[in-house]
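# Secondary and tertiary structure notes
Residue-level listing of the chains:
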Amino acid sequence: DGAWLASGAGIQDVFENATQDKVPTIRHKSSGLICQNPRVVFAPKKSDPSKFDPANLSGCIERLNGFQVDFAVAPNGQRTDIQSALSAMTSQIEASDKGFSKSADGQNSTASGMQRWPYAWTQLTSSAGDEPRLMQLSIASAGDWIFMTKTRCWSDQTLLCRQIGDLALQQAITSRRP
């Protein structure tokens, strides 16, 4: 349940139980990010609220409609513009998720429903392994936080992957419970 998820070492300082029904739910205390039925929960080793650091994120990993989606937040203090945050996250992924490299990007799509927040996205592809893979990275700035989703898909699911990533990001921001 949510209480068990939020009780891990280092996690209880950052997340709290927010379960209201049978679905285990936790809430990021500072940003209000909600994680429902997460498979993995992660918290930063250190965090400077005045500085965006892609290596120190808080969040969770969930499955949505068969896709793995990582939800994450990072303190920003509104100091890092969204394109710089996207570039830093892309570099972090390319360094840590071997084989992925940037293939496309965009920003402020009116079709995404993200018009209320500074927003950008990129897609990365990997040909490592048996089948080509795709990762959609969607980022938006809301208040003093940068919200991110990483959605993993098969390479032939370009549009679907982007839609799932954008909808997950929109849900993460609009469902916050400060």
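To keep things clear, this report deals only with the structure shown in the data block. Note that the structure is a prediction, hence the values are computed from the model and not measured. (Residues numbered from 1 in each chain as written. Predicted model: local features only at pLDDT ≥ 70, side-chain atom pairs only at ≥ 80, totals over all residues. Heavy atoms only, no water.)

### Focus on the overall build of the protein chain
A tally of helices and strands in the protein chain yields three helices and ten strands. Counted from the first residue to the last, the protein chain has its helices and strands arranged as α-β-β-β-β-β-β-α-β-β-β-β-α. Residues counted as buried form 47% of the 178 residues belonging to the protein chain. Within the protein chain, contacts between residues separated by at least 24 positions form 51% of all contacts whose residues are at least 6 apart in sequence. Here the protein chain displays about 8900 Å² of accessible surface, and carbon together with sulfur accounts for 47% of that area. (Helix = DSSP H or I, 4+ residues; strand = E, 2+ residues; numbered from the N terminus. Buried < 20%, exposed > 50% of the residue type's maximum accessible area, 1.4 Å probe, protein only. Contact = heavy atoms within 4.5 Å. Areas by Shrake-Rupley, 256 points an atom, 1.4 Å probe, with all protein chains shown as cover.)

### Things to note about the state of the cysteines
Enumeration according to the criterion identifies two disulfides in this entry. Linked covalently through their sulfurs, Cys35 and Cys60 form a disulfide whose S-S length is 2.2 Å. With the S-S bond torsion at -95 degrees, the cross-link from Cys35 to Cys60 turns out left-handed. Placement of Cys35 in strand β3 (residues 34-36) and of Cys60 in strand β5 (residues 58-64) is noted, with a sequence separation of 25 residues between them. Residue Cys35 is classed as buried on the basis of its relative accessible area, which comes to 0%. For the protein chain, the bonded cysteines connect in the pattern 1-2, 3-4 when numbered consecutively along the sequence. (Disulfide = S-S within 2.5 Å.)

### Focus: the pairing of strand β8 (residues 119-126)
Judged by how many residues are buried, β8 sits mostly within the fold: seven of eight residues are covered. In the sheet, β8 pairs with strand β9 (residues 133-142) via eight bridges, with the strands oriented antiparallel. Each residue of the ladder has a partner; that of Tyr119, found in β9, is Ala140. (Pairing = 2+ DSSP bridges.)

### Observations concerning the sheet that holds strand β1 (residues 15-17)
The antiparallel open sheet is built from three strands, whose spatial order is β1-β2-β3. Edge positions in the open sheet fall to β1 and β3, since each of these has one partner strand only. Sheet twist, expressed as the mean angle between neighbouring strand axes with direction ignored, is 25 degrees. Pairing between β1 and strand β2 (residues 25-28): three bridges, direction antiparallel. Paired with Glu16 across the two strands is Arg27, which belongs to β2. (Axes fitted to C-alpha atoms, helices over the stretch in contact; angles between N-to-C directions.)

### Considerations on the packing of aromatic side chains
Under the criterion given, the structure shown has zero aromatic pairs. Between the NZ or CZ atom of Arg133 and the centre of the ring of Trp154, over which it lies, the distance is 4.2 Å. (Phe/Tyr/Trp six-rings, centres within 6.5 Å; stacked < 30°, edge-to-face > 60°. Lys NZ or Arg CZ within 6 Å of the ring centre and 35° of its normal.)

### Digging into the nonpolar core
Phe15, Ile26, Leu33, Phe71, Phe147 and Ile173 are the most contacted members of the largest nonpolar core, which totals 30 residues. The set of elements that each furnish at least two residues to this core consists of β5, β6 (67-75), β8, β9, β10 (145-154) and α3 (158-174). It is α3 that contributes the most residues to this core, six residues altogether. Among all residues touching Leu33, those that are not within four sequence positions of it are Ile26, Arg27, His28, Gly59, Phe71, Val73, Phe147, Ala172 and Arg176. The next biggest cluster of nonpolar side chains, apart from the first, holds 17 residues, and it includes Ala72, Leu124, Ile139 and Ile146. (Core = buried A, V, L, I, M, F, W, Y, C linked by side-chain atoms within 4.5 Å.)

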